[in-house]
Amino acid sequence: MAGKAGKVTDEEKQRIALDRVLKKYSKQKGALIPVLQEAQEGLGYLSEETLGYIARNTGRTLAQVYGVVTFYTQFRLEPIGRHLVRICHGTACHVGGAEDIDAAVCGHLDLDQEGGTTPDMEFTVEKVVCVGACSLAPIILVDNVAHGRLDSEKARKVIREYQKRKQGARGS
Ligand code: FES
């Protein structure tokens, strides 16, 4: 259903996307994890509302769905920033200096080294395991775009580029 002015609201768009995911897996028994993964991919995080909707449409209780999302660390229950920065801590990246990259990125964004989201909701930083591009180690992904063979200064530069884009968009 369209919003007041006949326009589809963001909420409605999200619901349509979620319905698409639920439909895709409707014939697969026990496909809760892929449903949650795709819902998170599309929505950025899993709100209580989203979890309730998934529970109702997969014949589960909210408690059962919560049980799954709190068991697996891949699921996010809080909103994320506009840019998602994933810092790889797999073996090759670790050997290549992932800790230094982490310190540089988090330091630049004024986050502690555990990552998290900046107060202006621009960046969320999280640690991930091998992203499958070890030849480019150490690597970070920003909004799924890979930036490899980094050192601390190059990593800060990557983040600064995304910050500049925001300033550029404001100025235009
Ligand atoms: S360890 Fe980082 S990409 Fe493989």
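This text follows the structure it describes.
Residues numbered from 1 in each chain as written. Predicted model: local features only at pLDDT ≥ 70, side-chain atom pairs only at ≥ 80, totals over all residues.

It is worth spelling out the nonpolar core at this point. One finds Ile87, Ile101, Val105 and Ile140 to be the most contacted residues of the largest nonpolar core, which totals 19 residues. If you list the elements that add at least two residues to this core, you get strand S1 (83-88), helix H6 (98-108), strand S3 (123-128) and helix H7 (152-171). Apart from the residues within four sequence positions on either side, Ile87 is in contact with Ala98, Ile101, Asp102, Val105, Val125, Lys127, Val128 and Ile140. Counting 9 residues, the second-largest nonpolar core is a separate cluster that includes Leu36, Ala39, Ile54 and Val65. (Core = buried A, V, L, I, M, F, W, Y, C linked by C-beta atoms within 7 Å. Buried ≥ 20, exposed ≤ 12 C-beta atoms within 10 Å, placed from the backbone. Helix = DSSP H or I, 4+ residues; strand = E, 2+ residues; numbered from the N terminus. Contact = placed C-beta atoms within 7 Å.)

Of the consecutive residues Ala137 and Pro138, the connecting peptide bond is found in the cis state with omega at -5 degrees. With respect to the helices, strands and loops of the structure, Pro138 is situated in the loop between S3 and strand S4 (140-142). Not every positive phi belongs to a glycine, and Asp143 is a case in point at roughly 50 degrees. Assignment of secondary structure puts Asp143 in the loop between S4 and strand S5 (145-147). Even without glycine at this site, Asn144 takes up a positive phi of about 70 degrees. Here Asn144 shows up in the loop between S4 and S5.

Among the secondary structure elements, Gly115 is positioned in the loop between H6 and strand S2 (116-117). Residues Gly115 and Gly81 lie 34 residues apart in sequence; the distance between their C-alpha atoms is 12 Å. Those residues in contact with Gly115 that lie beyond four places of it in its chain are Cys106, Val125, Glu126 and Lys127.

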